Amino acid sequence: MDSVEPAVADTEIWQPPAYADPDSFVEQEVTVGSGPSAVPGTVALPCGEGPFPAAVLLAGGGPFDRDGTAGPNKNLKDIAWGLASRGVAVLRFDKVTYTHRDRIAATPGFTPTDEYVPHAVAGIEILRGRPTVDGDRVFVVGHSMGGRFAPRVAAAEPAAAGLVVLAGDTVPIQWSMVRVIDHLTRVDPATAAVLPTVETATEHAKLVDSPELSPTTPSEQLPFGMPAPYWLDMRAYDPVAVAAALDVPMLFMQGERDYQVTVEGDLAGWRAGLAGRPGITTRTYPADDHMLFPGTGPSMPADYMRPHHVDPEVVADIAEWMRSHG
């Protein structure tokens, strides 16, 4: 489940993290996808001949730009620049819900598969076409809902060499929302006051699970006001089962201070469903919240609006894992 705060414009000027070396890579603008749903993106290519492993970054749920901008923070840009500084080529791109927000909102049949899979598959092909990229080592790196849908991307594109799932949820999102609202009602009443009540969120979640849900169910009766086809597609997708059918290595990374996607609920789902399978690695980070920002004490929504950078240990661990797989 993603932040209750939507992607917003910068309120402060982003500064590169200390672990990024802008002189060690170059950036190129690209177009991801084709036709009316094409979106702009950026490839960060390490300097040198390669061949380099590569990553396609998938943002969390919501209309995020290619950098994952939220307040003064850019978690995807942190990851992209950190990996590129460590010899990994990275493609990040504006989500279709960001670039074509109005058109998507007016498309009743739009689904989460439409939101993630076509552009991610196109991104893999873009990286595989770069002469300094090792085409056999292009990985999918997804954060939150992007992590949830990373297995579906790999199922659609066999060229994906593996998955890195950052705070990827396995609990149905509608029920995670109920839990989060209940949590915020107790620890942050001001934020909870602008969200649906626990009772309303519970009724919406029950309808998603109900056999009464149909393509014509009014969106105002459903979580986040998203249309019924979106929830029907979401309900039909089991990320753990799809991941279990893949024959690629996977790295699951989870902050222990994350109240939105949790070790006990969501990471436990990945671990149980993939138990005994070779090539599965899980790591937790005691200081990190949902955005993989390190801190202390209980994580609060207001934390996301203060300047942070993604945990340097997370970036280093992703780079090392990619170099050792594929």
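Up top is the structure these notes are about.
These lines cover the structure that appears in this document, whether it is placed above or below.

## Side note on the overall build of the protein chain
Okay, so step 1: Each helix and strand in the protein chain was counted, giving 13 helices and 10 strands.
Okay, so step 2: The C-alpha atoms of the protein chain give a radius of gyration of 19 Å, which matches the 20 Å a tight globule of 326 residues would have.
Okay, so step 3: Taken along the three principal axes of its C-alpha coordinates, the protein chain extends 55 × 45 × 40 Å.
Okay, so step 4: Considering the protein chain as a whole, with its 326 residues, one finds that 57% of them fall into the buried category.
Okay, so step 5: Within the protein chain, residue pairs in contact and separated by at least 24 positions form 74% of the contacts whose partners lie at least 6 positions apart.
Okay, so step 6: With the model as given, the accessible surface of the protein chain reaches about 12700 Å², and the carbon-plus-sulfur share is 56%.
Okay, so step 7: In the protein chain, the 23 positive side-chain charges and the 42 negative ones have mean positions that sit 2 Å from each other.

## Points about the pattern of salt bridges
Okay, so step 1: Across all of its chains, the model carries 15 salt bridges by this definition.
Okay, so step 2: For Arg92, the salt bridge goes to Glu27, with nearest N and O atoms at 3.0 Å. Pair noted here: Arg92 is in strand E6 (residues 89–93) and Glu27 is in strand E1 (residues 25–32), with a separation of 65 residues, a long-range link.
Okay, so step 3: The closest approach of N and O atoms between Glu125 and Arg128, which form a salt bridge, is 3.8 Å. Taken as a pair, Glu125 and Arg128 lie in helix H4 (residues 112–128) at a separation of three residues, close to a single helical turn.
Okay, so step 4: What makes Glu125 partly exposed here is its relative accessible area of 40%.
Okay, so step 5: Here the residues in one salt-bridge network are Glu27, Asp67, Lys74 and Arg92, joined through shared partners.

## Re the environment of Gly225
Okay, so step 1: Mapped onto the fold, Gly225 is located in the loop between helix H9 (198–209) and helix H10 (228–236).
Okay, so step 2: Among the residues examined, Gly225 registers a relative accessible area of 38% and is labelled partly exposed.
Okay, so step 3: Along the chain, Gly225 and Glu49 lie 176 residues apart, while their C-alpha atoms are 48 Å from each other.

## Quick word on the environment of Thr42
Okay, so step 1: Here Thr42 shows up in strand E2 (residues 39–46).
Okay, so step 2: Once the C-alpha coordinates of Thr42 and Gly273 are considered, the two residues, 231 residues apart in sequence, prove to be 34 Å apart.
Okay, so step 3: Among the polar contacts listed, one links the side chain of Thr42 to the side chain of Glu29, at a separation of 3.0 Å.

## Here we look at the pairing of strand E9 (residues 250–255)
Okay, so step 1: Most of E9 sits inside the fold, with six of its six residues counted as buried.
Okay, so step 2: Alternating residues of E9 divide into Met250, Phe252 and Gln254 and Leu251, Met253 and Gly255, and every residue in both groups is buried.
Okay, so step 3: Relative to E9, strand E8 (residues 163–166) runs parallel, the two sharing four bridges. Bridging across to E9, Val165 finds its partner in Phe252.
Okay, so step 4: Pairing of E9 with strand E10 (residues 280–285) involves six bridges; the strand directions are parallel.

## Here we look at the sheet that holds E8
Okay, so step 1: Spatial strand order, E1-E2-E6-E3-E7-E8-E9-E10: eight strands in an open sheet with mixed pairing. Edge strands, defined here as strands with exactly one partner in the open sheet, are E1 and E10. Here the strands of the sheet are splayed against their neighbours by 20° on average, with no regard to which way each runs.
Okay, so step 2: Note: strand E7 (residues 133–143) against E8, four bridges, orientation parallel.

## A few points about the packing of aromatic side chains
The geometry of an aromatic ring pair is captured by the separation of the ring centres together with the interplanar angle, meaning the angle of the planes.
Okay, so step 1: The full count for this structure, using the stated rule, is eight aromatic pairs.
Okay, so step 2: Three or more aromatic residues joined by ring pairs make a cluster, and in this case those are Trp14, Phe25 and Trp81.

## So, the side chain of Asp317
Okay, so step 1: When you line up the elements, Asp317 lands in helix H13 (residues 312–323).
Okay, so step 2: A relative accessible area of 17% means that Asp317 is categorised as buried.
Okay, so step 3: Beyond its immediate chain neighbours, meaning those up to four positions away, Asp317 contacts Leu251, Met253, Arg283 and Tyr285.

Reading the values: the criteria
Residues numbered from 1 in each chain as written. Predicted model: local features only at pLDDT ≥ 70, side-chain atom pairs only at ≥ 80, totals over all residues. Heavy atoms only, no water. Helix = DSSP H or I, 4+ residues; strand = E, 2+ residues; numbered from the N terminus. Rg over C-alpha atoms; globule rule 2.2 N^0.38 Å. Buried < 20%, exposed > 50% of the residue type's maximum accessible area, 1.4 Å probe, protein only. Contact = heavy atoms within 4.5 Å. Areas by Shrake-Rupley, 256 points an atom, 1.4 Å probe, with all protein chains shown as cover. Lys, Arg positive; Asp, Glu negative; His and termini not counted. Charge placed at Lys NZ, Arg CZ, Asp CG, Glu CD. Salt bridge = Lys/Arg side-chain N within 4 Å of Asp/Glu carboxyl O. Polar contact = N/O pair within 3.5 Å; in protein donor to acceptor, adjacent residues only side chain to side chain. Pairing = 2+ DSSP bridges. Axes fitted to C-alpha atoms, helices over the stretch in contact; angles between N-to-C directions. Phe/Tyr/Trp six-rings, centres within 6.5 Å; stacked < 30°, edge-to-face > 60°.

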